[in-house]
Amino acid sequence: MESQATASTATPAQTRAIGAGIAPLLGAGDVVLLVGPLGAGKTTLVQGLVAALGGREPVTSPTFTLAHRYPTSPPVTHVDLWRLGHLQEVVDLALEEELDGGGVVIVEWGEAAEPLYGADALVVRLGWGRTDDERTIAVEARGASWISRAAGLSAVAGAGAGTPGEAAVGEG
Amino acid sequence: MTDRGRVLGIETSCDETAAAVVERGRTVVSSIVSSQVDLHARYGGVVPELAGRAHIELTLPVVTDALAGAGLDRRGRSFTDPDGPIGIDAVAATIGPGLIGALLVGVSTAKALALAWDVPFVGVNHLEGHLYAAMLEAPEAELPVVVLLASGGHTLLVALDAPGSYRVLGATVDDAAGEAFDKVARYLGLGYPGGPEIDRLAVSGDAALIRFPRASTAGVFDFSFSGLKTAVVSYVRAHPEVTNADVAASFQEAVVDVLVARTVAAAEEIGARGACLAGGVAANSLLRARFAESFAARGLVSYLPSHAMCTDNAAMIAAAGYFQLQRSGPTPLDAGAVPDLQLRGSK
Amino acid sequence: MRILAIETATIEVGVALADETGPLASVTARPGRRQAETLHPAIADACRIARITPAELDAIAVDIGPGLFTGLRVGVAAAKALAGGLGLPVVTAMSLEVLIAACPSGLGEVIPVVDMRRGEVAWLMPRSPASTVRVGTPAELAAELAELARESAAAAGNVGPVLLVGDGALRHRELLGASSAPAPVFGGIELAAPPVSSLAVLAIAAMTDGRFCDPAAVCPFYGREADARINWSSRQGRETVS
């Protein structure tokens, strides 16, 4: 069961706006998997998301320490799996303890966590567009709790202010 | 604390397990780092790159080796006098920044050893440890100095005014310098870690071929490398024929350029007597050469750490622990790990 | 013989001191995520209450799981360091064994169930060795309970209810309660976590029997293994050209 919306952005500010648009959909125990190549804007999107949840400190890359926690509401754990080589290393991060404690987990290079969390997650795919600055962003809801929030996804796709109206929501 | 001021330091903030014994914050008696290389050789078996499980398995053997290097058995007593007094005066461990599951192993180990031996526990900021790494190798350095701390996880400019007294002048607002090296290297299909690979490949490339952007930041001593990383990807996508060597050389040029320029400006701003490199990126050969050149041209001393002191180690944690114990006493046993601990300055 | 026992495998942090006569002192708390902040002061407090210094101990006992990773690492790291630093042996026990030991014997079959989070529990079927720990969904456990009830009824004709203890049993009480006939009965919330004094008493017996090991050999039992390499498709960008 899944549902999808797509958008394109022309600036990092618009990518941040997509992140801010996802923020109000999030609740305790949610997993967001960010998938996309280097420079696609994954951390940029998280900056918008964390700021929209009331985060005040700058969102820096968690690549090295693997996880940053932000005291937002709900609390966000920003994870980056880029350095990892084995699924066991993802298991070792004990993310279910964060989720069970009422937190939201946002995972960069999220394809590495799909075997563990992919069945019930919001999957955001970021890619390079036609120009250096353009990015394509596809937001896909997976699992019952996310499907029930699919109406909110079209608003998310529209949040990249001034972007072409490619937003489309449909059962996939 | 005895006159020897012997501190056992434990470092498990990331993917290296390390322990060391240091006297009076200056003399390294023993220092063990379980890098992948000697792991396979000494402890056997497959070693996961990451944290939690590896640290649980390795911390006790690594501590045992560090104690042995100081002539002590696992119980902290001299091999020549096994019923004598404990030969360690305090136990220090990194409490942050780092990965929570990794940090907790070192913190829990250190606090338990402190309980077992009835000696003080000291919780140390990993980044402060890096400042002392510089000092461990340059005890004669005249202060103040500016320290450029650049690693896979951090990029900071710090003014070290006196032993135990420092100010943070600037930091990265997005990616760390070492992270940019690693990510560009892997994007180009080079090995990991990326720093040494880019360093090696850049020698045969044209550093002037591509003029990558030098990001300006709101804070004059801050850094930003996210845009540079994206610019590299963007350039390679648009110029598929470009060689990895030219990209590596031009990219490295841009990073080193910014790092050295900001450090020089900071040194002039605070009237530093010298400048010091710290962190894993300090192993980069172009950075070392430019750093030394730039400060020599201004009549200032530059301190370039050895490879062992660039990377994560526990000697620097033991040294920082010693000075912290002198300045502000033991850390209570109810201290935990602080994964996003910042370096704020000593006051 | 004096043993210090450390329990951090599930929702509780506990420290107990015991000798052959039974528990001498214990300190427990349910500290949420603050296991590392709570454990070491609890060790100091328990020693102070029992008037025993760490140097007077003869062994360390620790619950190695299954349970929650964060707590397990804190407890196992502390146990290894205490034993290493004091030159003592370590007795290990699994959380599920400790839960069984905490229940009076003779009341019927006891099945301990520990919450692993993310919709999984770990359990141990009656009369099974600790090496046969099962990890799965509550629905899988419910199916095993139904099967056990059928087998027991066929073998003996009349059977009493099984007793389910542990935080996993309480969390999934509704599902598990309807799993079999007769319906299982449930332990109270005081048996949600393995009681540390039960661990200490188990450990005294283990020491007497010579079942202990060197601290360097002690490892948590995680109950979740995922050996697969991550199949990266996008982490590297360009084909190598030079």
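Notes on the structure follow.

## Considerations on the nonpolar core
Inference 1: Residues L81 of chain A, L8, W117 and F251 of chain B together with L4, I6 and L82 of chain C are the most contacted members of the largest nonpolar core, which totals 162 residues.
Inference 2: In terms of residue count, helix α8 (residues 244–270) of chain B provides more of this core than any other element does, 14 residues in total.
Inference 3: Dropping the residues within four chain positions of it, L81 of chain A is found in contact with V90, L93, V107, E108, W109, A112 and A113 of chain A together with W232 of chain C.

## Examining the pairing of strand β4 (residues 76–80) of chain A
All names here are of chain A.
Inference 1: Burial within β4 is extensive, with five of its five residues counted as buried.
Inference 2: Neither face of β4 is left uncovered, since the one carrying V76, H78 and D80 and the one carrying T77 and V79 both have all their residues buried.
Inference 3: Across four bridges, the pairing between strand β3 (residues 67–70) and β4 is antiparallel. Bridge assignment links H68 to a residue of β4, and that residue is H78.
Inference 4: With antiparallel pairing between neighbouring strands as the criterion, β3 and β4 make up a hairpin whose turn holds five residues.
Inference 5: In the sheet, β4 pairs with strand β5 (residues 104–108) via five bridges, with the strands oriented parallel. Residue pairing across strands places H78 opposite I106, the latter belonging to β5.

## Details of the sheet that holds strand β6 (residues 145–150) of chain B
Residues and elements named next belong to chain B.
Inference 1: Here five strands make up an open sheet; going across it, the order is β8-β7-β6-β9-β10 and the pairing mixed. Each end of this open sheet is capped by a strand with a single partner; those strands are β8 (165–171) and β10 (301–303). Adjacent strand axes in the sheet meet at a mean angle of 20° when their direction is disregarded.
Inference 2: Strand direction decides the pairing type here: β6 and strand β7 (residues 155–162), joined by six bridges, are antiparallel. Within β7, the residue paired with V147 across the bridge is V158.

## Re the pairing of strand β7 (residues 120–123) of chain C
Residues and elements named next belong to chain C.
Inference 1: Examined bridge by bridge, strand β6 (residues 110–117) and β7 share four bridges and lie antiparallel to one another. When the bridges of β7 are listed, V114 appears paired with A122.
Inference 2: Joining the antiparallel neighbours β6 and β7 is a turn of two residues, in which R118 adopts a positive phi near 50°.
Inference 3: Two elements, β7 and strand β8 (residues 134–136), share three bridges in a ladder whose sense is antiparallel.

## Some details on the pattern of salt bridges
Residues and elements named next belong to chain A.
Inference 1: The final tally for this structure, using the stated rule, is 36 salt bridges over all chains.
Inference 2: Across the pair R69 and E98 runs a salt bridge whose closest N-O atoms are separated by 2.9 Å. One end of the pair, R69, is in strand β3; the other, E98, is in helix α4 (residues 95–100), and 29 residues separate them in sequence.
Inference 3: Among the residues examined, R69 registers a relative accessible area of 35% and is labelled partly exposed.
Inference 4: On the basis of relative accessibility, which here comes to 11%, the residue E98 falls in the buried class.

## So, the packing of α8 of chain B against helix α9 (residues 285–297) of chain B
If you want to describe how two helices pack, look at the angle between their axes and the distance between the axes.
Residue and element names in this part refer to chain B.
Inference 1: Remark: α8 packs on α9, axes separated minimally by 10 Å, with the N-to-C direction vectors making an angle of 30°. Considering only the axes of α8 and α9, their crossing is right-handed. Across the interface between the two elements, Q252, E253, V256, L259, V260, T263, V264 and A267 of α8 pack against L286, L287, R290, F291, S294 and F295 of α9.
Inference 2: Of the residues contributing to the contact of α8 with α9, the split by class is nine nonpolar, three polar and two charged.

## A word on helix α7 (residues 196–208) of chain C
Residues and elements named next belong to chain C.
Inference 1: With 13 residues, α7 should cover 18 Å at 1.5 Å per step; its first-to-last C-alpha distance of 19 Å lies within 8% of that length.
Inference 2: Taken as a whole, α7 has its buried residues at V196, S198, L199, A200, A203, I204, A206 and M207.
Inference 3: Turning to α7, the residues buried within the fold contact β1 (3–7), β2 (13–19), β3 (22–29), β4 (59–63), β5 (90–93) and α3 (95–101).
Inference 4: Backbone geometry just downstream of α7 places G210 in the positive-phi region, at approximately 80°.

## Some thoughts on the interface of chain C and chain B
Inference 1: Between chain C and chain B, the residue contacts involve 36 residues of the former and 32 residues of the latter.
Inference 2: Taken as a group, H40, R73 and R238 of chain C account for 23% of the area that chain C buries against chain B, more than any other trio of residues on that side.
Inference 3: Along the contact surface separating chain C from chain B lie one salt bridge.
Inference 4: Linking D214 of chain C and R74 of chain B is a salt bridge whose minimum nitrogen-to-oxygen distance equals 2.9 Å.
Inference 5: Where chain C touches chain B, the interface holds seven residue pairs in polar contact (both at pLDDT 80 or more).
Inference 6: When residues of the side of chain C that touches chain B are traced back to their parent elements, those giving at least two are α1 (35–50) and α2 (69–86) of chain C.
Inference 7: Looking at the side of chain C that touches chain B residue by residue, the classes come out as 19 nonpolar, nine polar and eight charged.

## Concerning the interface of chain C and chain A
Inference 1: Facing the 20 residues of chain C at the interface are 27 residues of chain A.
Inference 2: Both faces considered, chain C and chain A share a buried interface measuring about 2100 Å² in area, 48% of it formed by carbon and sulfur atoms.
Inference 3: It is R33, R118 and I230 of chain C that lose the most area in chain C upon contact with chain A, and together they represent 31% of the buried surface on that side.
Inference 4: Our count for the chain C to chain A interface comes out at four salt bridges.
Inference 5: Across the pair E98 of chain A and R33 of chain C runs a salt bridge, and its minimum N-O distance is 3.3 Å.
Inference 6: Counting the contacts that link chain C with chain A gives seven residue pairs in polar contact (both at pLDDT 80 or more).

Basis of the calculations
- All chains use their own residue numbering, which begins from 1 and follows the written sequence.
- Whichever chain is written first is A, and whichever ligand is written first is 1; the rest continue in order.
- Predicted model: local features are reported for residues with pLDDT of at least 70 only, side-chain atom pairs are reported and counted for 80 or more only, and whole-chain, interface and lining totals are derived from all residues.
- Hydrogens and water are ignored here; the side-chain numbers use all heavy atoms of the structure.
- In plain words, nonpolar cores are sets of buried Ala, Val, Leu, Ile, Met, Phe, Trp, Tyr and Cys residues tied together by side-chain atoms within 4.5 Å.
- Exposure classes here rest on a 1.4 Å probe applied to the protein chains alone. A residue is buried below 20% of its type maximum, exposed above 50%, and partly exposed in between.
- A helix here means a DSSP run of H or I that spans at least four residues, while a strand means a run of E at least two residues long, and both kinds are numbered starting from the N terminus.
- Here, residues are in contact when the closest pair of their heavy atoms is within 4.5 Å.
- Any two strands with at least two DSSP bridges between them are considered paired.
- Each axis is a line fitted through C-alpha atoms, and for a helix only the stretch in contact is used; angles between axes span 0 to 180 degrees, taken between their N-to-C directions.
- Any carboxyl oxygen of Asp or Glu that lies within 4 Å of a side-chain nitrogen of Lys or Arg is treated as forming a salt bridge with it.
- For any helix crossing, the convention is left-handed if the near helix is rotated counterclockwise from the far helix by under a right angle, and right-handed if that rotation is clockwise.
- When residue character is reported, Ala, Val, Leu, Ile, Met, Phe, Trp, Tyr, Cys and Pro are called nonpolar, Asp, Glu, Lys and Arg charged, and the others, Gly included, polar.
- One less than the residue count of a helix, multiplied by 1.5 Å, gives the span that helix is expected to have.
- In this description, buried area is defined as the sum, over both parts, of the accessible area (probe of 1.4 Å) that is lost when the two are combined.
- For this analysis, a polar contact is any N or O atom pair within 3.5 Å, provided that within protein one partner can donate a hydrogen and the other can accept it, and provided that sequence-adjacent residues contribute only side-chain to side-chain pairs.

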